[in-house]
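Coordinates in review
Residues per chain, in single letters:
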2 protein chains.
Amino acid sequence: METMGRHVISELWGCDEETLNNVNAIERIFVNAALKAGAEIREVIFHKFAPQGVSGVVIISESHLTIHSFPEHGYASIDVYTCGDHIDPNTAAKYIAGSLGAEAEETIEIPRGTGPIRVQRPEANAL
Amino acid sequence: METMGRHVISELWGCDEETLNNVNAIERIFVNAALKAGAEIREVIFHKFAPQGVSGVVIISESHLTIHSFPEHGYASIDVYTCGDHIDPNTAAKYIAGSLGAEAEETIEIPRGTGPIRVQRPEANAL
């Protein structure tokens, strides 16, 4: 398998607080995001914190998707990492941002497994 | 909980190929790395691919550690993300690099949850 991968890091602000605290909703969003990107799901694990917040991961054949949510701040920290070049991690990241109702987003993409790390396409967008 | 976090991304090359293909060894290394950093472990899941390679995650109260290994290339792709300021993700990342026998490492650190994304401390080191 080729080492080349694309790692999208998204900072989502102004998200729907209720969704950010709903572990079942977040798991559903992440599974759908992986499938929409064309990924093959291997493991799914989401954890609800007390009093609030959710952390979770979907391990895909092509790497992973993760979230850490902070409902009290309307903030979600997202990673979508896909190996190979047949999947676009931005497909999943955009679906997640939309599903969480993010009002503002900042995203960078980092190539993985190709040698020196270069950060690509910094974006700070109001959605 | 504060949104502020530190996300260390490490590209490890020249790792021990046998270790990179040993799902039990990698799980043990990652659990130990989380504990050495002072993290609280919540979920542990590691997946062995056929014919080779391991993907896995440790979800900690403070965020996560992940790996994707490519034994045939001696390459491992590592993320250590810790929220708050009482844990240094580099403690875990360095332990992992040493345990996998990495001969060369490139690491960047990305602040999370603090507003605009800035990439800090690019490093490319022969170990």
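Residues numbered from 1 in each chain as written. Chains lettered and ligands numbered in written order. Predicted model: local features only at pLDDT ≥ 70, side-chain atom pairs only at ≥ 80, totals over all residues. Heavy atoms only, no water.

**Here we look at the overall build of chain A**
Here is the rule: Only runs of H or I of at least four residues qualify as helices and only runs of E of at least two qualify as strands under DSSP, and these elements are numbered from the N terminus. With a 1.4 Å probe rolled over the protein chains alone, any residue whose accessible area is under 20% of its type maximum counts as buried; one over 50% counts as exposed, and the rest are partly exposed. Residue contacts are defined here by distance: any two heavy atoms, one from each residue, within 4.5 Å place the two residues in contact. Under the convention used here, a 1.4 Å probe and the Shrake-Rupley method define accessible areas, while residue burial counts only the protein chains that appear. Counted as positive: Lys and Arg. Counted as negative: Asp and Glu. His and the chain ends are not counted at all. To locate a charge, take NZ of a lysine, CZ of an arginine, CG of an aspartate or CD of a glutamate.
Summing up its helical and strand segments, chain A has 3 helices and 7 strands in all. N-terminal to C-terminal, the α/β element order of chain A is β-α-α-β-β-β-β-α-β-β. Taking the principal axes of the C-alpha coordinates as reference, chain A spans close to 40 × 30 × 20 Å. Going through the 127 residues of chain A one by one, you find that 58% of them count as buried. For chain A, the proportion of contacts with a sequence separation of at least 24, taken over those separated by at least 6, is 56%. Accessible surface, chain A as shown: approximately 5000 Å² in total, 48% of it carbon and sulfur. Charged side chains of chain A number 9 positive and 18 negative; the gap between the two group centres comes to 5 Å.

**Things to note about the relation of the copies chain A and chain B**
Superposition of the two copies of the chain requires a rotation about an axis together with a shift along that axis. As a reminder, the rule being used: Copies overlap after least-squares fitting; the atoms used are the C-alpha atoms of residues with pLDDT of at least 70 in both.
Mapping chain A onto chain B leaves a residual RMSD of 0.0 Å; the transformation is a rotation of 180° accompanied by 0.0 Å of translation along its axis. The two molecules are tied by a two-fold rotation axis, judged by turn and shift.

**Describing the pattern of salt bridges**
Quick reminder of the rule: Any Lys or Arg side-chain nitrogen found within 4 Å of a carboxyl oxygen on Asp or Glu counts as a salt bridge.
With the rule as written, the count across this model stands at 10 salt bridges over all chains. One salt bridge in this structure joins A:Asp79 and B:Arg112, with 3.0 Å as the shortest N-O distance. Separated into two different chains, A:Asp79 in strand 5 (residues 75-83) and B:Arg112 in strand 6 (residues 104-112) make up a pair that spans both. Judged on exposure class, the residue A:Asp79 and its partner B:Arg112 are both buried.

**A short note on the packing of aromatic side chains**
Residues and elements named next belong to chain A. The criterion, for reference: The criterion for an aromatic pair is that two Phe, Tyr or Trp rings (for Trp, the six-membered ring) have centres within 6.5 Å, with stacked assigned to planes under 30 degrees apart, edge-to-face to planes over 60 apart and tilted to the rest.
The tally for this structure, following the rule as stated, stands at 6 aromatic pairs over all chains. On the basis of an interplanar angle of 40° and a centroid distance of 5.4 Å, the ring pair of Phe70 and Tyr75 is categorised as tilted. Comparing Phe70 with Tyr75, the two get one shared label, buried.

**Description of the interface of chain A and chain B**
Filter applied, for reference: Here the quantity called buried area is the accessible surface, traced with a 1.4 Å probe, that two parts lose on coming together, added over both. Under this definition, polar contacts are N or O atom pairs within 3.5 Å; protein pairs additionally need one hydrogen-donor-capable and one acceptor-capable atom, and for neighbouring residues in sequence, both atoms have to be side-chain atoms.
Chain A puts 43 residues into the contact, and the matching count from chain B is 43 residues. Buried area between chain A and chain B, summed over both chains or domains, comes out near 3500 Å², and the portion from carbon and sulfur atoms is 63%. Of all residues in chain A, A:Ile45, A:Arg112 and A:Ile117 give up the largest surface area on contact with chain B, accounting jointly for 16% of the area buried on that side. Across the contact surface, chain A and chain B share 4 salt bridges. Close ionic contact of A:Glu11 with B:Arg112 constitutes a salt bridge, the shortest N to O distance being 2.8 Å. At the junction of chain A with chain B, the criterion picks out 20 residue pairs in polar contact (both at pLDDT 80 or more). For the side of chain A that touches chain B, the secondary-structure elements that each account for two or more residues are strand 1 (5-13), strand 2 (41-48), strand 3 (54-60), strand 4 (63-70), strand 5 and strand 6 (104-112) of chain A. The greatest single-element share of the side of chain A that touches chain B, amounting to 6 residues, is contributed by strand 5 of chain A.

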